Amino acid sequence: MASDYDTVDAALARAGADTDAAEGHGTLCGMLSVNNAISSEDWFRELLPDPEPGDLLAQEARRQLGEVFKEARMELHDTGLDFHLLLPGDDEGLERRVEALGHWCQGYLYGMAVCGVREGANLPEDTAELVRDFAEIAGTGFDVEIDETNETAYSEIVEYVRVGVLLINEELQPIKAPPRLQ
(Lines give C-alpha, C1' and ligand atoms only; values in the text may rest on other atoms or scores of the structure.)
Protein backbone atom coordinates (compact mmCIF):
# COMPACT_ATOMS: atom_id res chain seq x y z
CA MET A 1 0.00 0.00 0.00
CA ALA A 2 1.38 3.37 -1.02
CA SER A 3 1.95 5.98 1.66
CA ASP A 4 -0.46 8.88 1.81
CA TYR A 5 1.05 12.36 1.46
CA ASP A 6 -0.94 13.95 4.29
CA THR A 7 -0.21 11.06 6.68
CA VAL A 8 3.53 11.27 6.03
CA ASP A 9 3.44 15.06 6.26
CA ALA A 10 1.75 14.80 9.68
CA ALA A 11 4.26 12.16 10.85
CA LEU A 12 7.17 14.40 9.85
CA ALA A 13 5.63 17.32 11.72
CA ARG A 14 5.07 15.20 14.86
CA ALA A 15 8.69 14.05 14.70
CA GLY A 16 9.88 17.67 14.53
CA ALA A 17 11.03 17.82 10.90
CA ASP A 18 11.41 21.18 9.19
CA THR A 19 10.41 19.69 5.85
CA ASP A 20 7.25 18.53 4.15
CA ALA A 21 6.44 15.02 2.94
CA ALA A 22 7.48 15.74 -0.64
CA GLU A 23 10.95 17.04 0.27
CA GLY A 24 11.43 14.34 2.91
CA HIS A 25 10.52 11.57 0.46
CA GLY A 26 12.72 13.15 -2.20
CA THR A 27 15.63 13.20 0.25
CA LEU A 28 15.08 9.54 1.04
CA CYS A 29 14.91 8.53 -2.62
CA GLY A 30 18.02 10.55 -3.46
CA MET A 31 19.93 8.85 -0.67
CA LEU A 32 18.72 5.39 -1.71
CA SER A 33 19.54 6.04 -5.37
CA VAL A 34 23.17 6.57 -4.42
CA ASN A 35 23.45 4.03 -1.61
CA ASN A 36 20.75 1.43 -1.15
CA ALA A 37 22.55 0.22 1.99
CA ILE A 38 21.61 3.29 4.07
CA SER A 39 19.42 2.71 7.10
CA SER A 40 16.28 4.53 8.14
CA GLU A 41 18.39 6.13 10.90
CA ASP A 42 20.65 7.66 8.23
CA TRP A 43 17.57 9.28 6.70
CA PHE A 44 16.21 10.34 10.10
CA ARG A 45 19.51 12.08 10.93
CA GLU A 46 19.05 14.29 7.86
CA LEU A 47 15.47 15.28 8.62
CA LEU A 48 14.61 14.88 12.27
CA PRO A 49 15.90 16.29 15.53
CA ASP A 50 16.83 13.77 18.20
CA PRO A 51 13.62 12.78 19.96
CA GLU A 52 13.09 13.78 23.55
CA PRO A 53 13.17 10.74 25.86
CA GLY A 54 9.64 9.49 26.39
CA ASP A 55 8.14 11.46 23.46
CA LEU A 56 5.63 8.85 22.36
CA LEU A 57 4.33 10.96 19.48
CA ALA A 58 7.81 11.28 17.99
CA GLN A 59 8.45 7.56 18.49
CA GLU A 60 5.21 6.66 16.70
CA ALA A 61 6.02 9.12 13.91
CA ARG A 62 9.44 7.50 13.47
CA ARG A 63 7.79 4.10 13.28
CA GLN A 64 5.46 5.37 10.54
CA LEU A 65 8.39 6.94 8.71
CA GLY A 66 10.27 3.66 8.97
CA GLU A 67 7.45 2.11 6.92
CA VAL A 68 7.86 4.86 4.31
CA PHE A 69 11.56 4.03 4.22
CA LYS A 70 10.91 0.32 3.59
CA GLU A 71 8.32 1.10 0.94
CA ALA A 72 10.62 3.50 -0.95
CA ARG A 73 13.52 1.05 -0.90
CA MET A 74 11.29 -1.72 -2.22
CA GLU A 75 9.69 0.46 -4.93
CA LEU A 76 13.02 1.71 -6.26
CA HIS A 77 14.03 -1.86 -7.03
CA ASP A 78 10.65 -3.21 -8.07
CA THR A 79 10.92 -4.98 -11.41
CA GLY A 80 7.40 -3.79 -12.23
CA LEU A 81 8.60 -0.15 -12.03
CA ASP A 82 5.95 0.58 -9.40
CA PHE A 83 7.83 3.52 -7.92
CA HIS A 84 5.91 6.71 -7.18
CA LEU A 85 6.76 10.18 -5.94
CA LEU A 86 5.09 11.13 -2.68
CA LEU A 87 3.12 14.21 -3.73
CA PRO A 88 -0.25 15.72 -2.85
CA GLY A 89 -3.18 14.03 -4.57
CA ASP A 90 -4.99 15.30 -7.64
CA ASP A 91 -7.73 16.69 -5.40
CA GLU A 92 -5.27 19.37 -4.23
CA GLY A 93 -4.79 22.57 -6.18
CA LEU A 94 -2.35 22.51 -9.08
CA GLU A 95 -0.25 25.28 -7.54
CA ARG A 96 0.29 23.22 -4.37
CA ARG A 97 1.17 20.12 -6.39
CA VAL A 98 3.68 22.05 -8.54
CA GLU A 99 5.29 23.50 -5.42
CA ALA A 100 5.48 20.02 -3.84
CA LEU A 101 7.12 18.62 -6.98
CA GLY A 102 9.78 21.33 -6.71
CA HIS A 103 10.31 20.39 -3.05
CA TRP A 104 10.54 16.70 -4.00
CA CYS A 105 13.27 17.41 -6.57
CA GLN A 106 15.10 19.66 -4.11
CA GLY A 107 15.01 16.87 -1.53
CA TYR A 108 16.19 14.32 -4.08
CA LEU A 109 19.23 16.41 -4.98
CA TYR A 110 19.96 16.97 -1.30
CA GLY A 111 19.73 13.23 -0.63
CA MET A 112 22.19 12.52 -3.44
CA ALA A 113 24.57 15.15 -2.05
CA VAL A 114 24.34 13.67 1.46
CA CYS A 115 25.52 10.36 0.00
CA GLY A 116 28.46 11.94 -1.79
CA VAL A 117 27.20 13.03 -5.22
CA ARG A 118 28.33 16.61 -5.65
CA GLU A 119 27.49 19.11 -8.37
CA GLY A 120 29.75 18.49 -11.32
CA ALA A 121 30.44 14.94 -10.16
CA ASN A 122 31.54 12.43 -12.75
CA LEU A 123 28.14 10.87 -13.43
CA PRO A 124 26.88 8.83 -16.36
CA GLU A 125 25.66 11.18 -19.08
CA ASP A 126 21.94 10.37 -18.68
CA THR A 127 22.14 10.76 -14.90
CA ALA A 128 23.97 14.09 -15.17
CA GLU A 129 21.30 15.40 -17.53
CA LEU A 130 18.51 14.27 -15.22
CA VAL A 131 20.21 15.86 -12.22
CA ARG A 132 20.38 19.16 -14.13
CA ASP A 133 16.70 18.85 -15.05
CA PHE A 134 15.73 18.09 -11.44
CA ALA A 135 17.69 21.16 -10.30
CA GLU A 136 15.74 23.26 -12.79
CA ILE A 137 12.42 21.82 -11.59
CA ALA A 138 13.45 22.41 -7.95
CA GLY A 139 14.40 26.01 -8.65
CA THR A 140 11.41 26.90 -10.77
CA GLY A 141 8.94 29.08 -9.01
CA PHE A 142 6.10 29.99 -11.29
CA ASP A 143 2.46 30.90 -11.26
CA VAL A 144 0.18 28.19 -12.51
CA GLU A 145 -3.12 28.77 -14.20
CA ILE A 146 -5.54 25.97 -13.61
CA ASP A 147 -6.46 24.55 -16.98
CA GLU A 148 -6.30 21.24 -18.76
CA THR A 149 -3.03 22.05 -20.54
CA ASN A 150 -1.20 22.78 -17.27
CA GLU A 151 -2.68 19.67 -15.63
CA THR A 152 -1.35 17.60 -18.51
CA ALA A 153 2.05 19.30 -18.36
CA TYR A 154 2.26 18.68 -14.61
CA SER A 155 1.41 14.99 -15.08
CA GLU A 156 4.04 14.65 -17.79
CA ILE A 157 6.72 16.29 -15.61
CA VAL A 158 5.85 14.02 -12.68
CA GLU A 159 6.19 11.00 -14.95
CA TYR A 160 9.50 12.32 -16.33
CA VAL A 161 10.87 12.68 -12.79
CA ARG A 162 9.54 9.26 -11.74
CA VAL A 163 11.14 7.46 -14.67
CA GLY A 164 14.28 9.59 -14.32
CA VAL A 165 14.69 8.48 -10.71
CA LEU A 166 14.41 4.85 -11.77
CA LEU A 167 17.06 5.43 -14.46
CA ILE A 168 19.41 7.18 -12.03
CA ASN A 169 18.91 4.42 -9.49
CA GLU A 170 19.73 1.78 -12.10
CA GLU A 171 22.76 3.66 -13.46
CA LEU A 172 24.25 4.27 -10.02
CA GLN A 173 23.31 0.88 -8.54
CA PRO A 174 22.68 -1.65 -11.28
CA ILE A 175 20.52 -4.57 -10.25
CA LYS A 176 22.59 -7.67 -10.52
CA ALA A 177 21.04 -10.22 -12.83
CA PRO A 178 21.01 -13.76 -11.49
CA PRO A 179 23.76 -15.98 -12.88
CA ARG A 180 22.85 -17.76 -16.09
CA LEU A 181 22.53 -21.50 -15.94
CA GLN A 182 24.50 -23.31 -18.57
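Our subject in this report is the structure included herewith. Bear in mind the structure is a predicted one, so any value in this text is a computation, not a measurement.

Some words on the pattern of salt bridges
A full pass over the atoms with the stated rule returns nine salt bridges. Here Arg96 and Glu92 are joined by a salt bridge, their closest N and O atoms 2.9 Å apart. Of the residues examined, Arg96 reaches a relative accessible area of 29% and is grouped as partly exposed. Here Glu159 makes a salt bridge to Arg162, at a shortest N to O gap of 3.0 Å. Of this pair, Glu159 and Arg162 are both found in helix α7 (residues 148–172), three residues apart, which corresponds to roughly one turn of the helix. Given the relative accessible area of 38%, Glu159 is considered partly exposed. The exposure class of Arg162 is buried, given its relative accessible area of 16%. Connected through shared salt-bridge partners, Asp6, Glu92 and Arg96 make up one network.

With respect to the environment of Arg96
With respect to the helices and strands, the residue Arg96 is situated in helix α5 (residues 94–114). Contact partners of Arg96, with chain neighbours within four places excluded, come to Tyr5, Asp6 and Pro88. At 2.9 Å, the side chain of Arg96 and the side chain of Glu92 are in polar contact.

Examining the packing of aromatic side chains
Enumeration according to the criterion identifies four aromatic pairs in this entry. On the basis of an interplanar angle of 80 degrees and a centroid distance of 5.5 Å, the ring pair of Tyr108 and Phe134 is categorised as edge-to-face. Of this pair, Tyr108 sits in helix α5 while Phe134 sits in helix α6 (residues 125–139), placing them 26 residues apart in sequence. Among the aromatic side chains, those forming a connected cluster through ring pairs are Phe83, Trp104, Tyr108 and Phe134.

Considering helix α4 (residues 56–76)
Taking 1.5 Å of rise per residue, the 21 residues of α4 would be expected to cover 30 Å, and the 30 Å separating its terminal C-alpha atoms lies within 8% of that figure. Among all positions in α4, only Ala58, Ala61, Arg62, Leu65, Gly66, Val68, Phe69, Glu71, Ala72, Glu75 and Leu76 are buried. Each element contacted by the buried residues of α4 is listed here: α1 (5–14), α2 (21–34), α3 (40–47) and α7. Between a side-chain oxygen at the N-terminus of α4 and the backbone nitrogen of Leu57 the separation is 3.2 Å; the capping residue is Asp55.

Details of unusual backbone geometry
Peptide bonds are trans in most cases, and residues, glycine excluded, mostly fall at negative phi. The phi angle at Leu81 is positive, at roughly 55 degrees, despite the residue not being glycine. With respect to the helices and strands, the residue Leu81 is situated in the loop between α4 and α5.

Quick word on the packing of α2 against α7
For the pair α2 and α7, interaxial distance at closest approach is 8 Å and the crossing angle is 30 degrees. By the angle between their axes, α2 is roughly parallel relative to α7. Here α2 contributes Leu32, Ser33 and Val34 to the contact with α7, which in turn contributes Val165, Ile168, Asn169 and Leu172. A breakdown of the residues in the contact of α2 with α7 according to their chemical character gives five nonpolar, two polar and no charged.

Definitions and cut-offs
- Residues numbered from 1 in each chain as written.
- Predicted model: local features only at pLDDT ≥ 70, side-chain atom pairs only at ≥ 80, totals over all residues.
- Heavy atoms only, no water.
- Salt bridge = Lys/Arg side-chain N within 4 Å of Asp/Glu carboxyl O.
- Buried < 20%, exposed > 50% of the residue type's maximum accessible area, 1.4 Å probe, protein only.
- Helix = DSSP H or I, 4+ residues; strand = E, 2+ residues; numbered from the N terminus.
- Contact = heavy atoms within 4.5 Å.
- Polar contact = N/O pair within 3.5 Å; in protein donor to acceptor, adjacent residues only side chain to side chain.
- Phe/Tyr/Trp six-rings, centres within 6.5 Å; stacked < 30°, edge-to-face > 60°.
- Expected span 1.5 Å × (residues − 1).
- Axes fitted to C-alpha atoms, helices over the stretch in contact; angles between N-to-C directions.
- Parallel < 35°, antiparallel > 145°, perpendicular 65-115°, else oblique.
- Nonpolar A, V, L, I, M, F, W, Y, C, P; charged D, E, K, R; others polar.

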